[in-house]
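Listed here are the chains, written in short residue letters.
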Amino acid sequence: MERSLLRYILKHTWRDQIAMLVLTAISFPLIYVNLEIPKRIVNSAIGGKNIPATFLGFHVTQISYLMTLSVLLLALITINGGLKYWINVYGGVVGERTTRRLRYELYQLMLRFPLPHFKTTSAGELIPMIVAETEPIGGFIGESISLPVFQGGLLVTYMVFIFNQNLWLGLAAIALYPPQVYLIPRLQRKINLLSKDRVTTARQLADRIGDSVAGSAEIRSNDTYALESADISERLGKIYAIRYDIYKRKYFVKFLNN
């Protein structure tokens, strides 16, 4: 199995990723026109200024020009929505298909573990690795390449549109990007480390619960219910503290973006 998740994604989904990138690239010109038409509706059609004598080869009045632009805007919104819908569905299918393959390969690897390893690792720790922990990966696989390209292309499209309207407005729009580029990756790195810590702690919790289920008779006979409950409570508290820290950092990043 590939050591890098991105390399694994490219190995098994590169054709699908290219198809999604093509669909994503098609949407950028449409998005730009989608920004341009409302400007013309407000400035020309509604304001009654610089109305062309003909539009798309037909003679137009102010009302017909307004109606034509409105219909074009509705058509573009529908097309862009359809493209986004198809990209999302396609990405979901790719993600689920690749997750199925990943789970199968992990199961095969688990069967090849040395026998002594099964004595030190419980089923409660192995099962989440194959089932629960691979679940978020499915969504990531489907949008790992197309989503960053779409978001980056969307930003570039907006910036080109704004700069075409006014240079100083464009400069004002990008003024805060340098500090964001410096701070946000560093904050995200810490969030990623906390997420890894949360996964490890959750595995240990699952392992401990499995031990409690297997040893339920001994727990009752030795009256160690309170001791077992305290141990689980401590582990739950640790997961809570980690997630609380993740939320604080995650939404602080959003605060900086806003």
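As shown above, the structure is provided for reference.
What comes next is a walk through the structure.

**Focus: the overall build of the protein**
Item 1. Along the backbone of the protein there are 10 helices and 2 strands.
Item 2. Helices and strands appear in the protein in the N-to-C order α-β-β-α-α-α-α-α-α-α-α-α.
Item 3. With the principal axes as the frame, the protein shows a C-alpha extent of 90 × 35 × 30 Å.
Item 4. For the protein, the residues scored as buried account for 28% of the 258 residues in total.
Item 5. Here the contacts in the protein between residues at least 6 apart in sequence split such that 75% fall between residues at least 24 apart.
Item 6. Where the 29 positive side-chain charges of the protein centre and where its 18 negative ones centre are 11 Å apart.

**A closer look at the pattern of salt bridges**
Once the charged atoms of two side chains with opposite charge are near each other, the side chains can pair.
Item 1. By the definition in use, this model includes 8 salt bridges.
Item 2. The partner of K39 in a salt bridge is E36, with the nearest N and O atoms 3.0 Å apart. Here K39 and its partner E36 are both found in helix α1 (residues 5-46), 3 residues apart, which amounts to about one turn of the helix.
Item 3. Between D231 and R235 there is a salt bridge whose closest N-O contact spans 3.0 Å. On the criterion of helical spacing, the pair formed by D231 and R235 is a turn pair, its members being 4 residues apart in helix α10 (residues 225-257).
Item 4. A single network of salt bridges, built from pairs that share partners, joins R208, E228, D231 and R235.

**So, the environment of T61**
Item 1. Relative to the helices and strands, T61 resides in the loop between β2 (58-59) and α2 (62-111).
Item 2. Through-space distance from the C-alpha of T61 to that of A45 is 9.1 Å; in sequence the pair is 16 residues apart.

**Looking at the side chain of N80**
Item 1. Mapped onto the fold, N80 is located in helix α2.
Item 2. Not counting chain neighbours up to four residues away, the residues in contact with N80 comprise S27, L30, I31 and N34.

**Some words on the environment of G81**
Item 1. Structurally, G81 is set in helix α2.
Item 2. By relative accessible area, which is 37% here, G81 ends up partly exposed.
Item 3. Put simply, G81 and S27 are 54 residues apart on the chain and 9.6 Å apart in space, counted from C-alpha to C-alpha.

**Focus on α1**
Since the α-helix advances by 3.6 residues per turn, residues separated by three or four positions end up pointing in the same direction.
Item 1. Taking 1.5 Å per residue as the helical rise, α1 with its 42 residues ought to reach 62 Å, whereas the 52 Å between its terminal C-alpha atoms falls clearly short.
Item 2. For α1, the principal kink sits at T13 and spans about 85 degrees.
Item 3. Looking at where α1 begins, the residue whose side-chain oxygen comes 3.4 Å from the main-chain nitrogen of L6 is S4.
Item 4. The first or second residue beyond α1 is G48, which carries a positive phi of 75 degrees.

**Thoughts on the packing of helix α8 (residues 177-214) against α10**
Working note: a packed helix pair is described by the angle between its axes plus the distance between those axes.
Item 1. Put simply, α8 and α10 touch, their axes get as near as 9 Å, and they point 160 degrees apart. With respect to their mutual orientation, α8 and α10 come out roughly antiparallel. As for the relative orientation of α8 and α10, their crossing is left-handed in sense.
Item 2. Taken together, the residues of the contact of α8 with α10 sort by class into 16 nonpolar, 6 polar and 12 charged.

**Points about α8**
Item 1. Between its first and last C-alpha, α8 extends 55 Å over 38 residues, near the 56 Å set by a 1.5 Å rise per residue.
Item 2. Burial in α8 covers these residues: Q180, I184, L187, I191, L194, T201, L205, D207, R208 and S212.

**Observations concerning the side chain of S212**
Item 1. Its location among the elements puts S212 in helix α8.
Item 2. Among all residues touching S212, those that are not within four sequence positions of it are I219 and E228.

Definitions and limits used
Residues numbered from 1 in each chain as written. Predicted model: local features only at pLDDT ≥ 70, side-chain atom pairs only at ≥ 80, totals over all residues. Heavy atoms only, no water. Helix = DSSP H or I, 4+ residues; strand = E, 2+ residues; numbered from the N terminus. Buried < 20%, exposed > 50% of the residue type's maximum accessible area, 1.4 Å probe, protein only. Contact = heavy atoms within 4.5 Å. Lys, Arg positive; Asp, Glu negative; His and termini not counted. Charge placed at Lys NZ, Arg CZ, Asp CG, Glu CD. Salt bridge = Lys/Arg side-chain N within 4 Å of Asp/Glu carboxyl O. Expected span 1.5 Å × (residues − 1). Bend = angle between axes of the 7 residues up to and from the residue. Polar contact = N/O pair within 3.5 Å; in protein donor to acceptor, adjacent residues only side chain to side chain. Axes fitted to C-alpha atoms, helices over the stretch in contact; angles between N-to-C directions. Parallel < 35°, antiparallel > 145°, perpendicular 65-115°, else oblique. Left-handed = near helix turned anticlockwise from the far one by under 90°. Nonpolar A, V, L, I, M, F, W, Y, C, P; charged D, E, K, R; others polar.

Purely geometric stuff here, so don't read any function into it on its own.
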